[in-house]
Amino acid sequence: MSTNTNIERAVRYTGDDWAQSMSRRLAIPMLVMGVMTVAGALAVGAVAGVNFGDFFGGSAAADLGRGEALVQLSGAIAFLGMGLILAGVVMSLVNIVRTLRDAGRGVQQAVGADAYQLAKPWSGRFTPWVMIMGLMIEMAAFGLGIFAATSIGGVDPAAIANGANARSGDLADIGVTRAFSAWLPGLRLFGIAVLLVGVILVLTTIRSVLRFQAQRVDELAADGRVTEQPLAPVAVS
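As the structure is a computational prediction, the values presented were derived from the model and not from experiment.

Caption draft 1: Up close: the overall build of the chain. Broken down by element type, the chain carries five helices and two strands. Counting from the amino terminus, helix and strand elements in the chain follow one another as β-α-α-β-α-α-α. Of all 237 residues assigned to the chain, the portion counted as buried reaches 41%. As displayed, the chain has an accessible area near 12,300 Å², and 68% of this comes from carbon and sulfur atoms.

Caption draft 2: Main features of the nonpolar core. If you look at the biggest cluster of nonpolar residues, it comprises 24 residues, and the most contacted ones within it are Met30, Met131, Val202 and Ile206. If you list the elements that add at least two residues to this core, you get α1 (18-56), α2 (62-110), β2 (116-118), α3 (122-153) and α5 (168-222). Per element, the largest residue contribution to this core is ten residues, and it comes from α2. Ranked by size, the runner-up nonpolar core spans five residues in total, among them Val44, Ala48, Leu70 and Ile77.

Caption draft 3: Focus on the environment of Ala179. For Ala179, the location among the structural elements is in helix α5. The class of Ala179 is partly exposed, set by a relative accessible area of 38%. In the structure, Ala179 is positioned 31 residues away from Ala148 in sequence and 9.2 Å away in space, judged by C-alpha atoms.

Caption draft 4: Quick peek at the packing of aromatic side chains. In the structure shown here, the tally under the stated rule is four aromatic pairs. Ring centres of Trp18 and Trp129 lie 5.2 Å apart, and the angle between their planes is 50°; on these two criteria the pair is classed as tilted. Taken as a pair, Trp18 in helix α1 and Trp129 in helix α3 lie far apart in primary sequence, 111 residues in all. Three or more aromatic residues link up through ring pairs in this structure, and these residues are Phe147, Phe180 and Trp183.

Caption draft 5: Examining the pattern of salt bridges more closely. Counted by the stated rule, this structure contains eight salt bridges. When the shortest N-O distance is used, the salt bridge between Glu68 and Arg178 registers 3.7 Å. With Glu68 in helix α2 and Arg178 in helix α5, this residue pair connects regions lying 110 residues apart in the sequence. Exposure remark for Glu68: the relative accessible area of 25% places this residue in the partly exposed category. We classify Arg178 as partly exposed; its relative accessible area is 45%. Measuring nitrogen to oxygen at the nearest pair gives 2.2 Å for the salt bridge that ties Arg216 to Glu219. With Arg216 and Glu219 both in helix α5 and three residues apart, this pair spans about one turn of that helix. Pair check on accessibility: Arg216 and Glu219 agree, each one buried. In this structure, a network of salt bridges that share partners links the residues Asp16, Arg24, Arg98, Arg101 and Asp102.

Caption draft 6: Region of interest: the side chain of Thr205. Summarising the element assignment, Thr205 is placed in helix α5. Setting aside its immediate chain neighbours within four residues, Thr205 contacts Val97, Pro121, Ser123 and Gly124.

What counts, and at which threshold
Residues numbered from 1 in each chain as written. Predicted model: local features only at pLDDT ≥ 70, side-chain atom pairs only at ≥ 80, totals over all residues. Heavy atoms only, no water. Helix = DSSP H or I, 4+ residues; strand = E, 2+ residues; numbered from the N terminus. Buried < 20%, exposed > 50% of the residue type's maximum accessible area, 1.4 Å probe, protein only. Areas by Shrake-Rupley, 256 points an atom, 1.4 Å probe, with all protein chains shown as cover. Core = buried A, V, L, I, M, F, W, Y, C linked by side-chain atoms within 4.5 Å. Phe/Tyr/Trp six-rings, centres within 6.5 Å; stacked < 30°, edge-to-face > 60°. Salt bridge = Lys/Arg side-chain N within 4 Å of Asp/Glu carboxyl O. Contact = heavy atoms within 4.5 Å.

Here it is, written out as structure tokens:
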């Protein structure tokens, strides 16, 4: 390589690391699972609405309890689905980085030069861990949402309405569910925000890769390897 390239930022082509291999295998499944999960949350929310409508239409008091439980369940499922979708988006963007890297390798090999790639920048090193952290937050919020749904689902609305037959455990369960409802949305949104940071990190990496490859092309042109003759087609894996 000539002295124009920043040697500290260039390494010989090495292929996929563990995070890139994971992205190659799981990007599409994550997106599919996320969409299906959000669709499931929509169905659960619709059932909750039916139960509330039945209760206010004069049906049994148990419909109110089921409706409250399904509302908690719907929120838990919906945000988990959004977390899966955003994780799939991060992995899809990582696959774009892989494609750019492999295209750069192909161009360098086509002109008979050694294949170099950008040494993983700080944004690339942090991306998988940020994505995993955001997904773990959403999974934790999902588990807590299930617990809240179970708590409110065990309450006997008829006993609460009667007053005299109300159990202290029922009142405690209502208190737990209301408390969770106060801070669980914030936790879920925090997880989404962390995953969005992962998206920004991958976009930063893409910009760095494009800048490096433009620099590498300039270097090959300065070395006389790039001419006006058309290059052979480059196969990109």
